[in-house]
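# Structure at a glance
The residues making up each chain are set out below.
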Amino acid sequence: MAEAKELKIEKEEHELKPWEQHSRIISLPRFDYNAPSSLLHRSHSGFLITCTIKREKSATKEAISILHKYVRPYNTENSGSFHSSDASRDSKRRKICTNETDGRCSSGVEINGTAKDSGELPKNECLSCAKTGTNIENDFDMSLVKLTRNGLLLLTFPSKNSLNIVNIVSNISQSFNTGNLKSPQWCHRIFPIQATCSLNEKELQATVSKLVLQFVDDKQNTLSRPVKFAVAYNRRGFEEKQKNPKDNSKDSGQLALLDRNKCFSIVAAAVKNVVLDSVVDLKSPELSVLIELLPISGLPNETLIVAVSVLPQNLVSTKPRLCIRALVSDTNVKNG
């Protein structure tokens, strides 16, 4: 009887769609509906993740599992440096693993990308532990931000933190390429967001200048002279606004920056103001400034927020265009 029951359960789980299987193991964090207002008032760091369309929930589960492993060590080193001071955040803590009893994880829980059988597991291998009530925000405090476009996930930290976002993504990418992590099924690229700002000339210049200066001052980065740089500007989903600008809008200057050439000239000028001996090189840039327009739900139509990062050569690809490298070079994009 017991064997028959187990076979029935295995058959049911095999027939379930991937997300239905995931929902038995992990409950997703809720969207942070205060995030749009927070992003308007101050800069945030975080991760913008591209994923298979219509598999956003599965990708969110996968992304949380990946980030949990790689952000956690940084949190230990910088404990107390980026926990939100907003008391209301504490009341909205979101459990990641709910099917646990007596310190034992439910069957089929993914541990470091590998399915494990049911049974007692060491604390450091489990996504969360019933004894300590561990959840994702105990290890790193992040918000899931609702977007208006499919195929994207946005996770942000509170405004103040000392995490090296670029190093985290670099370590994740290296682990996939060396086979230390199982190839991701739903997540394609992780863009490390070092800062966010409103899309206007003054804020964009200031943000880019600050990040370029940090990059140049970082002893890990070896630069030749003149310094070769490139700029990428991704504005997915915003092309229609650029075609139909509001002529009399008080935010016409912001909408004008939807034009690629205008944005490129502002960013290039900011780079050259910091690094006087610098030249544009689209084939082998030593530093790349990536600007990503964020399709955040809940913002006024005329309000635009961008994510900004200055990245080393090993994290970007230049063909067919300048962009963040895929997590795995031969990732097969799955449909449906």
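Just above, that's the structure.
Residues numbered from 1 in each chain as written. Predicted model: local features only at pLDDT ≥ 70, side-chain atom pairs only at ≥ 80, totals over all residues. Heavy atoms only, no water.

To continue, consider the overall build of the protein. Helix and strand content of the protein: eleven helices and 16 strands. Relative to its full complement of 336 residues, the protein shows a buried share of 47%. Just so you have it, the protein exposes about 17900 Å², and 46% of that area is on carbon and sulfur atoms. (Helix = DSSP H or I, 4+ residues; strand = E, 2+ residues; numbered from the N terminus. Buried < 20%, exposed > 50% of the residue type's maximum accessible area, 1.4 Å probe, protein only. Areas by Shrake-Rupley, 256 points an atom, 1.4 Å probe, with all protein chains shown as cover.)

Our next topic: unusual backbone geometry. The peptide bond linking R225 to P226 adopts the cis configuration, its omega dihedral lying at 0 degrees. Relative to the assigned elements, P226 resides in the loop between α8 (201–217) and β11 (227–234). The step from K319 to P320 runs through a cis peptide bond, and the omega angle for that step is 0 degrees. You can see P320 is positioned in the loop between β15 (316–317) and β16 (323–324). A positive phi is found at K54, a non-glycine position, where the angle reads about 75 degrees. Tracing the sequence through the fold places K54 in the loop between β1 (46–51) and α4 (56–77).

The next point concerns the packing of aromatic side chains. Applying the stated rule across the entire model yields two aromatic pairs. Ring centres of F31 and Y33 lie 6.3 Å apart, and the angle between their planes is 65 degrees; this geometry places the pair in the edge-to-face category. Look at F31 and you get partly exposed, because its relative accessible area is 36%. (Phe/Tyr/Trp six-rings, centres within 6.5 Å; stacked < 30°, edge-to-face > 60°.)

Before going further, it helps to examine the layout of surface pockets. In this structure, the second largest pocket occupies an estimated 900 Å³ of space. Residue lining of the second largest pocket: 39 residues in total, with L163, V166, Q194, L211 and Q214 positioned closest to the centre. Elements with a minimum of two residues in the lining of the second largest pocket: α3 (35–41), α7 (165–178), β10 (195–198), α8 and β14 (305–312). Broken down by element, the residue count for the lining of the second largest pocket peaks at seven residues, all from α8. In terms of residue class, the lining of the second largest pocket is made up of 14 nonpolar, 20 polar and five charged. (1 Å grid on protein atoms, 1.4 Å probe; cavity = no way out; pocket = protein on both sides within 12 Å on 5 of 7 lines; lining within 4 Å. Points joined across faces, edges and corners; volume = space filled by probe spheres on them. Nonpolar A, V, L, I, M, F, W, Y, C, P; charged D, E, K, R; others polar.)

Opposite charge on two side chains permits pairing when their charged atoms draw close. Within the structure shown, the criterion is met by two salt bridges. Among the salt bridges present, the one from D277 reaches R225, with a minimum N-O distance of 3.1 Å. Residue D277 is located in the loop between α11 (260–274) and β12 (278–280), and its partner R225 is located in the loop between α8 and β11; the two are separated by 52 residues in the primary sequence. We classify R225 as exposed; its relative accessible area is 53%. For the salt bridge of E292 with R236, the shortest nitrogen-to-oxygen distance reads 2.7 Å. Taken together, the residues span a long stretch of sequence, with E292 in strand β13 (residues 287–294) and R236 in the loop between β11 and α9 (239–243) at a distance of 56 residues. Look at E292 and you get buried, because its relative accessible area is 7%. (Salt bridge = Lys/Arg side-chain N within 4 Å of Asp/Glu carboxyl O.)

With that settled, consider the pairing of strand β8 (residues 152–156). Of all five residues in β8, five are buried, a share of seventy percent or more. Of the two faces of β8, the one carrying L152, L154 and T156 and the one carrying L153 and L155 are both buried. Where β1 lies against β8, five bridges are found, and the strand directions are antiparallel. Looking across to β8, one finds that L48 is bridged to L154. Pairing of strand β7 (residues 143–145) with β8, which is carried by three bridges, proceeds in the antiparallel orientation. The residue of β8 that forms the bridge with L144 is L155. The loop that links β7 with its antiparallel partner β8 comprises six residues; one of these, G151, has a positive phi angle of about 80 degrees. (Pairing = 2+ DSSP bridges.)

On to the sheet that holds β1, then. Read across the sheet, four strands follow the order β7-β8-β1-β9 without closing on themselves; strand pairing throughout is antiparallel. The two strands at the open ends of the sheet, each matched to only one other strand, are β7 and β9 (187–193). Put simply, the sheet's adjacent strands are angled 25 degrees from each other on average, direction ignored. As paired elements, β1 and β9 share six bridges and run antiparallel to each other. What sits directly across from I49, in β9, is I190. Strands β1 and β9 of the sheet are contacted by α7, whose axis makes an angle of about 160 degrees with β9. (Axes fitted to C-alpha atoms, helices over the stretch in contact; angles between N-to-C directions. Contact = heavy atoms within 4.5 Å.)

With that settled, consider the sheet that holds β12. Taken together, the five strands give an open sheet; going across it, the order is β10-β14-β13-β11-β12, and neighbouring strands pair in mixed fashion. Where the open sheet ends on each side, the last strands, each with one partner, are β10 and β12. Looking at each pair of strands side by side, their axes are set apart by 30 degrees on average, direction ignored. Where β11 lies against β13, six bridges are found, and the strand directions are parallel. By the bridge assignment for β13, A230 is matched with S288. Contacting β10, β13 and β14, α8 crosses the sheet at an angle of about 20 degrees to β14.

Limitation: the analysis is restricted to geometry and does not speak to function.
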